[in-house]
Amino acid sequence: MLRGLAILVVVVYHYPRPQGHEAFQAFANFGWTGVELFFVLSGFLIGSQLLEPVSRGETPSLRRFYLRRSLRILPSFLVVLGLYLFVPAWSERPLVTPAWRFLTFTQNFGLRINGFSHAWSLCVEEHFYLVLPLTVLALRGRLRAPSLIALAVAVMGGGMLLRGGLWLHHFSALGPEDPGWRDFDMLLYYPTYARLDGLTCGVLLAALRVFRPQAWERWTRGARARGMAVVGLACLGGVLFINEEHFRYLPYVLLSFPLAALGFAALVLALAGPAASRVCARIPGVKTFAVLSFTVYLTHKAVQHGVRDALAPHGMDAFHVVTLLGGAVAVLLASLALHHGVERPALKWRERLERELTSRKPQARPAVP
């Protein structure tokens, strides 16, 4: 459910916000948090994959990990990147970022909005995939719960201090209309060093589930789960207030990312129990939309832009019912085509390669009596 919610919020965030739609604008302005929710979920998923072998006294297989991540992310990403590079009509904006920045996942440093700029979050994910496995291998068996919590606090606190220092250096003297604000996102929104809060909270959740399963059970059921829901909503309410009252100013820079990460982490706990999972599973379309979340993320900006451009000459603006429905249907069709044509075949190929790797694994020799 949360994955589907994340992509829905992101799609709304990227939609035009014309004057006269104040309620939509307020919700859309909050839409950047959808990416933070994706980071929390990614930290939880990837952290679980790497920590579960450690909990069994095994060494995580980097070969298997990178095989799984590569065939999950790269095929669909490369197909959509090819459309942006070789089919100019596909792009929602002129493509300025050179191809090598996409291919090396360095696009999110020095980024200004242009075609396929929303791929910046994949850069953060790829950096995470590189660093976390090496960190787990280096620290396995050496960290206990207090040290892990202290490390997480240090990462999030360091991020707050770094963002605050950059804001004070570059933006503290700017007036509301100063053109220098154009550098804000480039320095404080897109770079990996600014977006570690959600990933860190997700890894903490994974460590709790893997190493303290009884505590995980307690916190995902009954009154504690409901309490986590309240905490999560309170944190997100704080983000909403900061977002409306202090957008791009120091309180926003210091507090919005960690509050959003903690809020979504609390909601993950609240919805992870069996009762909540059963309720979420009954909501029509939730599972399908969650499965399509990655392909929707890749395609939605270009497809919706194409629909709006096609209907504008007929007097249908971005909020005309035909434009809204047509854009939604077109995004679903494009994401389904990418999912069934590229993503699913790549995942099936991944399963075959994993089986081959497992079959080639040397068998343990029996102990000599």
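Predicted, not measured: the structure shown is a model, and the values here were computed from it. (Residues numbered from 1 in each chain as written. Predicted model: local features only at pLDDT ≥ 70, side-chain atom pairs only at ≥ 80, totals over all residues. Heavy atoms only, no water.)

## Notes on the packing of aromatic side chains
Heads up, the condition is: Centres within 6.5 Å are what make two rings of Phe, Tyr or Trp a pair, Trp counting through its six-membered ring; a difference in plane orientation under 30 degrees is then read as stacked, over 60 as edge-to-face, and the rest as tilted. Helix numbering and strand numbering both begin at the N terminus, where a helix is a DSSP run of H or I of at least 4 residues and a strand a DSSP run of E of at least 2. For the exposure calls, accessible area comes from a 1.4 Å probe over protein chains only, and a residue counts as buried if that area is under 20% of its type's maximum, exposed if over 50%, partly exposed in between. Criterion for a charge above a ring: Arg CZ or Lys NZ at most 6 Å from the ring centre, at most 35 degrees from the ring normal.
For the structure shown, the criterion picks out 29 aromatic pairs. Between the aromatic rings of Trp167 and Tyr249, the centroid separation amounts to 6.3 Å while the plane-to-plane angle is 65 degrees, which identifies the pairing as edge-to-face. Of this pair, Trp167 sits in helix α7 (residues 145-170) while Tyr249 sits in the loop between α11 (222-245) and α12 (250-271), and the two are 82 residues apart along the sequence. Relative accessible area serves as the criterion here: at 7%, Trp167 is assigned to the buried category. Lying across the ring of Trp100, Arg101 places its NZ or CZ 5.5 Å from the centre.

## Focus on the UniProt feature "domain: Acyltransferase" (unreviewed entry) in the chain
As a reminder of what qualifies: UniProt positions are given in the numbering used here, feature names are shortened, and annotations may be inferred rather than shown by experiment.
What UniProt calls "domain: Acyltransferase" (unreviewed entry) maps, in this numbering, to residues 2-336. Here residues 2-336 runs as 72% helix and 0% strand, with 20 Å between its end C-alpha atoms.

## Let's talk about helix α15 (residues 293-311)
The α-helix winds at 3.6 residues per turn, so residues separated by three or four positions along the chain end up facing the same way. What counts, and what does not: Between the first and last residue of a helix there are one fewer steps than residues, each counted as 1.5 Å, and that sum is the expected span. Given a residue, its bend is the angle between the two axes fitted to the seven residues that end at it and to the seven that start from it.
Its 19 residues place the ends of α15 26 Å apart at the C-alpha level, agreeing with the 27 Å of an ideal helix rising 1.5 Å per residue. Most pronounced at Thr299, the bend in α15 amounts to some 50 degrees. α15 sits mainly inside the fold: 15 of its 19 residues count as buried.

## Side note on unusual backbone geometry
Located in the positive-phi region is Phe105, a residue other than glycine, with phi close to 55 degrees. Mapped onto the elements, Phe105 comes out in the loop between α5 (99-103) and α6 (120-139). Owing to a relative accessible area of 9%, Phe105 belongs among the buried residues under this scheme. Notably, Phe116 is not glycine yet its phi reads approximately 60 degrees, a positive angle. The topology assignment puts Phe116 in the loop between α5 and α6.

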